[in-house]
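# Structural characterization, general
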Protein chains: 2
Amino acid sequence: MWAARSSNDMIGTLSKDASEALLLSASVGRIGCTDSYRTYVVPIQYVYDGQFIYAHAVEGMKIHMMRKNPSVCFEVDEIKDVHHWKSVIVWGRYDELKNEYARYNTLLLFAKKSVQLKISPNAIPPPIDIGNDQPLEKASIRPVIFRIIIEEMTGRFENMLPEASTGK
Amino acid sequence: MWAARSSNDMIGTLSKDASEALLLSASVGRIGCTDSYRTYVVPIQYVYDGQFIYAHAVEGMKIHMMRKNPSVCFEVDEIKDVHHWKSVIVWGRYDELKNEYARYNTLLLFAKKSVQLKISPNAIPPPIDIGNDQPLEKASIRPVIFRIIIEEMTGRFENMLPEASTGK
């Protein structure tokens, strides 16, 4: 499926493999959810294991919305400039992980990705409540850990060739 | 408003000025819309003139959704890594610009921003239908031009200090 805006534009649909590759390589996406009244879009750190999209968040608007309406949209992109970008959009269902084993395994996925990306292990959400007897600045909120069960995935790209290559 | 996850985390709310500055400096945001059944999040090039967010798109899912439900969410971020980022979220209303004068002025805003960003003027949407008598590769679709009337804006940031600075 191709659409051309001019002779040197290349806009098209990403293959399933290319969409998967972008989901695997990126580490931040934007999650969109709605309570039917309003839409909420928020950037979120995630890990994709080839089947599910895992993320964590503190309790707040997006978690409340997704509990009410688990139908979500998840978007990941890689934008070099307005003519060189790719974007994957996933539709799926919010699935909160309450089981300690599933939560632990998700933290391991984040730890593994942190090592790959060479980012601080502090990016891993705290697994244990510190409790109210700790000083405020040491206190930590037990994060909500969830996954997105993918129902549909679509990817697009634009890769405009340089003007010079047209021979004009 | 501050929340600390550990003694060297800095997470907070962006000031109105800092939120405005991010909206002015960025050129790509993600628009979220819903038809109540599903949510759609898609990256979009935009210009903010200090009052409205202007964008253009070809007819498609997002335009159909926003015509049906003009309540949208618009998100812009600047992410260095998981501990150094800022994000602005705008709630507002989709307002399609059909008047030729308003459309022309929007194109001028995009042209001005393109010069600022030193990007190709091809990023500017074509203002005039080329028509069906042109070869397919030269054909162009008249874009939908719209603005978002801002109703609410909120910004957040994280700026974790390096571990070393805690003196540990």
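The following paragraphs examine the structure supplied in this document. (Residues numbered from 1 in each chain as written. Chains lettered and ligands numbered in written order. Predicted model: local features only at pLDDT ≥ 70, side-chain atom pairs only at ≥ 80, totals over all residues. Heavy atoms only, no water.)

The next point concerns the environment of A:Arg156. Tracing the chain through its elements places A:Arg156 in strand β8 (residues 144–159). If we skip the residues at most four places from it in the chain, A:Arg156 touches A:Ile11, A:Gly12, A:Thr13, A:Leu14, A:Trp85, A:Lys86 and A:Ser87. (Helix = DSSP H or I, 4+ residues; strand = E, 2+ residues; numbered from the N terminus. Contact = heavy atoms within 4.5 Å.)

All names here are of chain B. Between its terminal C-alpha atoms helix α3 (residues 100–117) stretches 26 Å, which fits the 26 Å expected from 18 residues at 1.5 Å a residue. Of the residues making up α3, those classed as buried are Arg103, Thr106, Leu107, Phe110, Lys113 and Ser114. All buried residues of α3 lie within an arc of 120° about the axis, which places them on one face of the element. Opposite the buried face of α3, by more than 90 degrees, sit the exposed residues Tyr101, Tyr104, Lys112, Val115 and Gln116. Elements that come into contact with the buried residues of α3 comprise α1 (16–25), β4 (39–48), β5 (52–57) and β8 (144–159). You can read the cap of α3 off the contacts: a side-chain oxygen lies 2.7 Å from the backbone nitrogen of Tyr101, and it is on Asn99. (Expected span 1.5 Å × (residues − 1). Buried < 20%, exposed > 50% of the residue type's maximum accessible area, 1.4 Å probe, protein only. Arc of directions from axis to C-beta. Polar contact = N/O pair within 3.5 Å; in protein donor to acceptor, adjacent residues only side chain to side chain.)

Here we come to the environment of A:Gly92. All names here are of chain A. Turning to its location among the elements, Gly92 is positioned in strand β7 (residues 84–96). For Gly92, a relative accessible area of 1% gives the class buried. A sequence separation of 22 residues divides Gly92 from Pro70, and the C-alpha atoms of the two residues are 8.1 Å apart. Apart from residues lying up to four places away in sequence, Gly92 is in contact with Pro70, Ser71, Val72, Ile148, Ile149, Ile150 and Glu151.

Here we take up the packing of aromatic side chains. Counted under the stated rule, the structure contains eight aromatic pairs over all chains. With 5.0 Å between their ring centres and 50° between their planes, B:Tyr94 and B:Phe146 make a pair best called tilted. One end of the pair, B:Tyr94, is in strand β7 (residues 84–96); the other, B:Phe146, is in strand β8, and 52 residues separate them in sequence. You'll find B:Tyr94 and B:Phe146 in the same group, each marked buried. Geometry around A:Tyr46 places A:Lys113 over its ring, the cationic atom sitting 5.4 Å from the centre. One Lys or Arg, B:Arg147, reaches over the ring of B:Phe52 and ends 4.1 Å from the middle of that ring. (Phe/Tyr/Trp six-rings, centres within 6.5 Å; stacked < 30°, edge-to-face > 60°. Lys NZ or Arg CZ within 6 Å of the ring centre and 35° of its normal.)

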